[in-house]
Amino acid sequence: MPALTDHCTEQLARASAEGRVRRLRAVERQEGAYLWREGRKLLNFAGNDYLGLSQDARVIAAAVQGAALGAGAGSSRLISGECAGYAPLEQALAAYHGQAAALVFSSGYAANLGTIAALAGEGDLILADKLVHACMIDGARLSGATLKRFAHNDIAHAEALLHQHRALHRHCFLLTEAIFSMDGDAAPLMEMQALAERHAAWFVVDAAHALAPLAVQPDVLIGTLSKSLGAVGGFVAAPRAVIDWLISSARPLLFSTALPPSVLASAYAALRVAEAEPQRARDVHARAQRLAEKLALPAPAAAILPVPVGENTRAMRWSEALEVQGFAVPAIRPPTVPPGTARLRVSMNARHTEAEVDALAEAMRALRGAA
Ligand SMILES: *Cc1c(COP(=O)(O)O)cnc(C)c1O
C-alpha cells in the first residue's frame, strides 16, 4: 500500500501544475483598513468586513464584556442550556430582516448546510443558481434531494427546469444568493420569488454579502455574522415553525458547540451600529462603484468588484504585483470560479478613503496596460 504522504504529494503536484495550490499566510495585525502581512503594511481590499465593524471600538468593547462571562460556551446549545446572548441577537436579526424568528449557527457555512439538509429530503427537488456558494451545494447534496443548476440569474432557464422536473417531485426549493460572492452582482430577487410562487417552490436566499436588509421576504433567509457584522457565525431567519423545526433537526446546531459569549455580544453590538448608521452601507457601495467606473467595469451591486483576468498564473502575478505596491487584493482561481475566469476580487470596506480607492484604480490600470 502506498504511503498517505505519497498520495497527498501527488495530489499537490497535480494541483500545482494547474496553478491550484493554496498557501496559508499569517496576518500579523489588522487595524482600520490596513493589515500587516509578512512584514508589509497593506491596504486591505481582501476582507469581507464591509462595514468596518470588526475594528469598531463599540463592537470590540462588547466582545470584551462578553469574554468576561467565559472564553467558550462549553457545550452545544441544546445540551446544558445556552448563553443568554443568543435570544436578544436572534430577536434583533429577525426584526432587522423582517422575519418572525431567527436562529444563529456557528458559521454561515453551517447555517446553509444545516438548514438546506434539514428542510429538503429524498424525493424533493432543489434548483440552485449555477454560482451559489459551495455551502448551499453541500447542503443540497447532503439532503438527498435531486439537485439541478440553472444558468446564473437566468429566470427562463430556471423556469424550463421547473416545467421539466417540478411535477415529479414532492417539495421544491429555489436557491440563490442576494449578492454573488465572486461576481459581486445581485440576483433578480423579485422575479425569482414570483417564479417560486408560480411553481409552488420555497424560496431560499443566502444574503451573506448583502450590506442591508433585502427588498423581498424569502421563505428562508440565510446570512452570516462574519461579513458585514464583522464577527463570526451565521443565521437563518424564517417563520417561527421553520425555526422551531430547525432547532430539532439541523445537525450542525445539534452536534456542534455553541458560539462563545464574546462573539454573540460583538455581533449584537455590530447589528445595532449597522442599523443606527445606514450611511456606512451606502458609502461602501459608492466606493465600489467609483472603482468600477475608473476601471470601466460594470457597476457592482454591493461591496465586491471582480476584475477579470482569465488565466490563473496571470491573476497570481497581478495579485503579487499589487502586494508589492501595498495593496492586498486576492487572486480568485478555479475551483472557486469556473476554469478560465480567474480574477482579482476587490472587497471594499467603509474605512477606505476615496484617495485609497483611486490609488488602487491607478495601480490596476497600469497592470492591465502592461499585459
Ligand atoms: C462566506 C459565505 C458563506 C459562509 O459564511 P461564513 O460565516 O464565512 O461561514 C455562505 N454563503 C456565502 C454566499 C458566502 O459568501
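Report on the accompanying structure. (Residues numbered from 1 in each chain as written. Predicted model: local features only at pLDDT ≥ 70, side-chain atom pairs only at ≥ 80, totals over all residues. Heavy atoms only, no water.)

## Details of the overall build of the protein
Cut-off, in case you're wondering: Helical segments are the DSSP runs of H or I of at least four residues, strand segments are the runs of E of at least two, and each set is numbered from the N terminus. Residue exposure (1.4 Å probe, protein chains only): buried if accessible area is under 20% of the type maximum, exposed if over 50%, otherwise partly exposed. The contact criterion used throughout is that any non-hydrogen atoms of two residues lie within 4.5 Å. All accessible-area figures derive from a Shrake-Rupley calculation using a 1.4 Å probe, and residue coverage is judged against the displayed protein chains alone. Charged residues are defined here as Lys and Arg on the positive side and Asp and Glu on the negative side; His and the ends of the chain fall outside this count. Where a charge sits is defined by one atom per residue type, namely NZ (Lys), CZ (Arg), CG (Asp) or CD (Glu).
Per the secondary structure count, the protein includes 13 helices and 14 strands. Dimensions of the protein, computed from C-alpha atoms along their principal axes, come out at roughly 55 × 55 × 55 Å. Looking at the protein residue by residue over its 371 residues, the buried ones come to 50%. For the protein, long-range pairs separated by at least 24 residues make up 66% of all intrachain contacts whose partners lie at least 6 apart in sequence. Of the roughly 16800 Å² that the protein leaves accessible, carbon and sulfur atoms contribute 56%. For the protein, the separation between the mean place of its 35 positive charges and that of its 35 negative charges on side chains is 3 Å.

## A closer look at the layout of surface pockets
If a probe the size of a water molecule is rolled over the atoms, the empty space left behind becomes visible. Our working rule: Within this scheme a cavity is a closed region of a 1 Å grid, computed over the protein atoms alone, that accommodates a 1.4 Å probe without allowing it to escape, whereas a pocket is open but has protein on both sides within 12 Å along at least five of seven lines; lining residues each have an atom within 4 Å of a point. Grid points are joined across faces, edges and corners, and a volume is the space filled by probe spheres set on the points.
Put simply, the largest pocket is a space of about 1300 Å³. Around the largest pocket, the lining is made up of 42 residues, and of these Arg25, Arg37, Ala46, Pro330 and Ala331 lie nearest the centre. Sort the elements by how many residues they give to the lining of the largest pocket and helix H12 (residues 312-324) lands first, with 4 residues. Taken as a whole, the second largest pocket spans an internal volume of roughly 440 Å³.

## Thoughts on the site of the ligand
Put simply, the rule is: To be near a molecule or strand, a residue needs just one of its heavy atoms within 4 Å of it. What qualifies as a polar contact is a pair of N or O atoms within 3.5 Å, subject to a donor-acceptor requirement within protein and to the restriction that residues adjacent in sequence count only when both atoms come from side chains. Note that Gly is not counted as nonpolar here; it falls among the polar residues with everything else outside the nonpolar set of Ala, Val, Leu, Ile, Met, Phe, Trp, Tyr, Cys and Pro and the charged set of Asp, Glu, Lys and Arg.
With respect to spatial proximity, 15 residues lie near the ligand, and among them Asp206, His209, Thr224, Ser226 and Lys227 are the closest. In the environment of the ligand, an oxygen atom lies 2.8 Å from a nitrogen or oxygen atom belonging to the backbone of glycine 108. Coverage of the ligand by the protein chains reaches 85% of its 380 Å² of free accessible surface. Across the shell around the ligand, the residue classes tally to 3 nonpolar, 9 polar and 3 charged.

## What to know about the sheet that holds strand S6 (residues 146-150)
Put simply, the test is: Paired strands are those between which DSSP finds at least two bridges. Working convention: axes come from line fits to C-alpha atoms, limited for helices to the stretch in contact. Angles between N-to-C directions cover 0 to 180 degrees.
The strand order across the open sheet built from 7 strands is S4-S10-S9-S8-S7-S5-S6, with neighbouring strands paired in mixed fashion. Two strands close off the open sheet at either side, each with one partner strand: strand S4 (101-105) and S6. Looking at each pair of strands side by side, their axes are set apart by 20° on average, direction ignored. Taken strand by strand, helix H8 (residues 240-249) contacts S4, strand S9 (220-224) and strand S10 (234-238), and its axis lies near 30° from that of S4.

## So, empty space enclosed by the protein
Throughout the structure, instances matching the rule amount to 3 cavities of 30 Å³ or more. The computed volume of the largest cavity comes to approximately 190 Å³. Around the largest cavity, the lining is made up of 18 residues, and of these Tyr96, His97, Ala210, Thr224 and Ser228 lie nearest the centre. Sorting the residues of the lining of the largest cavity by element identifies helix H3 (86-96), S9 and helix H10 (261-276) as the ones contributing at least two each.

## Let's talk about the pairing of strand S7 (residues 172-177)
Where we set the bar: For the handedness criterion, the strands are oriented away from the viewer, and a crossover whose path from the first strand over the helix to the second runs clockwise is classed as right-handed.
Of all 6 residues making up S7, 6 are buried, and the element is well covered by its neighbours. Summarising the sheet, S7 and strand S8 (residues 202-206) pair through 5 bridges and their orientation is parallel. What sits directly across from threonine 176, in S8, is valine 205. Note on the crossover from S7 through helix H7 (residues 189-198) to S8: the handedness is right-handed.

## Re the sheet that holds strand S11 (residues 304-310)
With antiparallel pairing, 3 strands are arranged side by side in an open sheet as S11-S14-S13. Lying at the two open borders of the sheet, with one neighbouring strand each, are S11 and strand S13 (331-332). Both S11 and strand S14 (residues 342-347) contribute to a ladder of 6 bridges, which runs antiparallel. Along S14, the bridge assignment pairs leucine 305 with valine 346. Contacts from H12 reach S11, S13 and S14 within the one sheet, and its direction differs from that of S14 by about 35°.

Read these as spatial facts, not as claims about activity.
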